Amino acid sequence: MVLAVHNGLSMLPRKIRHLLSLDYRGIKEVIIVSDGSSDGTEEYLATQDDRRLKCIILGKHSGKAVAVNTGIQAASAEIILFVDIRPEIAPGAIQQLVSNFADPSVGCANGELIVRCGDGSGASAAIGGAYWSYEKWIRTSESKSGSAVGVYGGFYAIRRSLAVSQPAGLILDDMFQPLSIRRQGFRVVLDPKAYVYDAWPQTVGRELHRKVRTLAGNFQLFQIAPWTLTWRNPLLFRLISHKVMRLFVPYLFVAAVVCTFLLSPTSHFYAALAAIQMLGIVLASVGLRYDVPVLHRVASPMSAVFVLNAAAVLGLYKFLFTRGPLWTIWKSSHSSNVTLHPGAAGSSSGPAAQSNQSE
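Residues numbered from 1 in each chain as written. Predicted model: local features only at pLDDT ≥ 70, side-chain atom pairs only at ≥ 80, totals over all residues. Heavy atoms only, no water.

All right, on to the pairing of strand S8 (residues 187–199) then. S8 sits mainly inside the fold: 10 of its 13 residues count as buried. Two strands pair when backbone bridges link them, and strand S5 (residues 88–89) and S8 are joined in this way by 2 bridges, in the antiparallel orientation. Paired with Glu-88 across the bridge in S8 is Tyr-197. Note that strand S6 (residues 106–116) and S8 share 9 bridges and pair parallel. Within S8, the residue paired with Leu-113 across the bridge is Val-196. (Buried < 20%, exposed > 50% of the residue type's maximum accessible area, 1.4 Å probe, protein only. Helix = DSSP H or I, 4+ residues; strand = E, 2+ residues; numbered from the N terminus. Pairing = 2+ DSSP bridges.)

What follows is the structure, given as structure tokens:
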């Protein structure tokens, strides 16, 4: 297992206990790479004496890509499992995930992320619910029909022999690594029975920041690895239809609204359509500003659509105008604690009643 961490002291003791207590006996080593931490993380790691722990200290904060590369170089096991500091791995999940490598055509396997939306804002909950259900369906379909374009970065495994060194400063290792592995002729699969649990951002502001970072990372990936947008990428069509085209949606939305209003004087149909569009904009604004119980169910999806498309625009802006390394725009929220779903406490049987599943 490889865990990259920067200033994660508040969650690191709990995370280490969790990783060392997992029920999979095939864990050869837990490699923790401290990426220029200054909060006492390095001092805490120095006190750990479990023989399975391998702690690496990087004196300079250089970003997750450099830390992950260091972890890969230090790994000696056949399979590398990448984990993040916040998510909780369900009992039996690693065994389930690793079993996918019995198929020699599989080069990368991703687990099933179960998100807990809690009592967050309506728009944030809508993104964590409806949007992620849609995203999960896309990735599941990709996996069943060949290979997924990307994976959940907090819990995925690869064959060490296929690992590719990531460009320094890269944000989306969970897209670059799977695409690179598929380029080598191996499949990227999703295992719906390998559960991992994480908390969803509780406010629209945090969710917007997360999405801006991710979408800015898309533009960065296309710049750093231009082969992803050429026929050298076996998943080119899936990448364009899944990731690239959604970057154009906000501009198409604006064009549709402008065209509808220009045509509204000429037709009752376009006048009605313009009124519906205006109502949607008003509801989105209300959903973001006010938490009105009666309008919650209607306004929240509208607000979620607005937030997701605003993030695409802001992501492009951040990519174009951020001074210095792009990875510096990311500020992780280590304070978010995750409580395992009750079904994870004793077994890895699926959370059939869980409504907020995502991938």
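What follows is about the sheet that holds strand S2 (residues 30–35). One open sheet accounts for 8 strands, arranged S3-S2-S1-S4-S7-S6-S8-S5; its pairing is mixed. Unpaired on one side and paired on the other, strand S3 (53–58) and S5 mark the two borders of the sheet. As defined by bridge partners, S6 adjoins strand S7 (residues 155–159) across 3 bridges and the pair is classed as antiparallel. Note that in S7 the partner of Cys-108 across the bridge is Ile-158. Against the sheet, helix H3 (residues 64–74) contacts strand S1 (2–5), S2, S3 and strand S4 (79–83), and its axis sits at roughly 150° relative to S2. (Contact = heavy atoms within 4.5 Å. Axes fitted to C-alpha atoms, helices over the stretch in contact; angles between N-to-C directions.)

To continue, consider empty space enclosed by the protein. Empty space left among the atoms is revealed by rolling a probe the size of a water molecule over them. For the coordinates displayed, the defined rule picks out 1 cavity of 30 Å³ or more. As a volume, the largest cavity reaches approximately 50 Å³. In terms of lining, the largest cavity is formed by Val-2, Ala-4, Lys-64, Val-68, Phe-82, Val-83, Asp-84, Gly-153 and Asp-173. Listing elements by their share of the lining of the largest cavity, those giving two or more residues are S1, H3 and S4. When grouped by side-chain class, the residues that make up the lining of the largest cavity number 5 nonpolar, 1 polar and 3 charged. (1 Å grid on protein atoms, 1.4 Å probe; cavity = no way out; pocket = protein on both sides within 12 Å on 5 of 7 lines; lining within 4 Å. Points joined across faces, edges and corners; volume = space filled by probe spheres on them. Nonpolar A, V, L, I, M, F, W, Y, C, P; charged D, E, K, R; others polar.)

Within S4, 4 of the 5 residues are buried, leaving the element largely enclosed by the surrounding structure. Pairing of S1 with S4 involves 2 bridges; the strand directions are parallel. Note on S4: the bridge partner recorded for Val-2 is Phe-82. Note that S4 and S7 share 5 bridges and pair antiparallel. When the bridges of S7 are listed, Leu-81 appears paired with Ala-157.

So, about a nonpolar patch on the surface. There is a patch of nonpolar side chains on the surface, built from Phe-248, Tyr-251, Leu-252 and Val-313 and spanning about 390 Å² of accessible area. Considering the arrangement of structural elements, one finds Phe-248 in the loop between helix H8 (236–244) and helix H9 (249–263). (Patch = residues over 30% accessible without salt bridge, like charges linked within 9 Å, V, L, I, M, F, W, Y side chains within 5 Å. Areas by Shrake-Rupley, 256 points an atom, 1.4 Å probe, with all protein chains shown as cover. Salt bridge = Lys/Arg side-chain N within 4 Å of Asp/Glu carboxyl O.)

These figures capture arrangement, not role.
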